[in-house]
Amino acid sequence: QVQFVESGGGLVQPGGSLRLSCAASGTIFRGYAMGWYRQAPGKQRELVAEIQSGGSTSYEDSVKGRFTISRDTAKNTVYLQMNNLKPEDTAVYHCNVPDGPFVKHSWGQGTQVTVSS
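The rules behind the values
Residues numbered from 1 in each chain as written. Predicted model: local features only at pLDDT ≥ 70, side-chain atom pairs only at ≥ 80, totals over all residues. Heavy atoms only, no water. Core = buried A, V, L, I, M, F, W, Y, C linked by side-chain atoms within 4.5 Å. Buried < 20%, exposed > 50% of the residue type's maximum accessible area, 1.4 Å probe, protein only. Contact = heavy atoms within 4.5 Å. Salt bridge = Lys/Arg side-chain N within 4 Å of Asp/Glu carboxyl O. Helix = DSSP H or I, 4+ residues; strand = E, 2+ residues; numbered from the N terminus. Pairing = 2+ DSSP bridges. Axes fitted to C-alpha atoms, helices over the stretch in contact; angles between N-to-C directions.

Trainee: In this structure, what is going on with the nonpolar core? I would like to understand it.
Mentor: Nonpolar side chains tend toward joint burial in soluble globular proteins. In terms of nonpolar packing, the biggest core is built from 26 residues, with Phe 4, Trp 36, Val 78, Leu 80, Met 82 and Tyr 93 touching the most fellow members. Contact partners of Met 82, with chain neighbours within four places excluded, come to Gly 16, Ser 17, Leu 18, Leu 20, Arg 66, Phe 67, Tyr 93 and Val 113.

Trainee: Looking at this structure, how should I read the pattern of salt bridges?
Mentor: In a structure, side chains of opposite charge can pair up when their charged atoms sit close to one another. Across all of its chains, the model carries five salt bridges by this definition. With a closest N to O distance of 2.7 Å, Asp 89 and Arg 66 form a salt bridge. You can see Asp 89 sitting in the loop between strand E8 (77-82) and strand E9 (91-96) and its partner Arg 66 sitting in the loop between strand E6 (57-59) and strand E7 (67-72), a full 23 residues away along the chain. For the pair shown, Asp 89 and Arg 66 are each scored as buried. Ionic pairing is found between Lys 104 and Asp 99, a salt bridge with its closest N-O pair at 4.0 Å. The class of Lys 104 is partly exposed, set by a relative accessible area of 41%. Within this structure, Arg 38, Glu 46, Arg 66 and Asp 89 form a network of salt bridges that share partners.

Trainee: Would you mind showing me how to read the environment of Thr 73 here?
Mentor: Note on placement: Thr 73 falls in the loop between E7 and E8. For Thr 73, a relative accessible area of 33% puts it in the partly exposed group.

Trainee: Please clarify how the sheet that holds strand E4 (residues 34-39) should be interpreted in this entry.
Mentor: The strands making up a sheet are joined through hydrogen bonds of the backbone, oriented either antiparallel or parallel. A sheet is described by the order of its strands in space; here six strands give the open sequence E2-E12-E9-E4-E5-E6, paired in mixed fashion. Whereas interior strands pair on both sides, the edge strands pair on one side only; in this sheet they are strand E2 (10-12) and E6. Recorded for the sheet is a direction-independent mean angle of 25° between the axes of neighbouring strands. Judged from the three bridges that link them, E2 and strand E12 (residues 111-115) form a sheet pairing that is parallel. Note that in E12 the partner of Gly 10 across the bridge is Val 113.

Here you go:
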């Protein structure tokens, strides 16, 4: 059973930065893409950043130029560096393995990011 443990969230003022971490059990990193997702209150969960096994990345339009996804295969960990945060970035952030419009594994507990003055 694959498990994800997300961390690094918190309360930050607009314009601030946070770095999220996602530690995954097992060897799911090898040969698999990884994604960061977020779900804001009353909204559907959305994929905001994805990194392929070869290292190429893609981002949802609203976070391009502000968020950076990276991975450390040796540590089975994926990161999301978030800069110039905006109130609309407020959400619970999760990681998982993308599978088309779905994901391959159960969700972890996520980490809350709140951007507010």
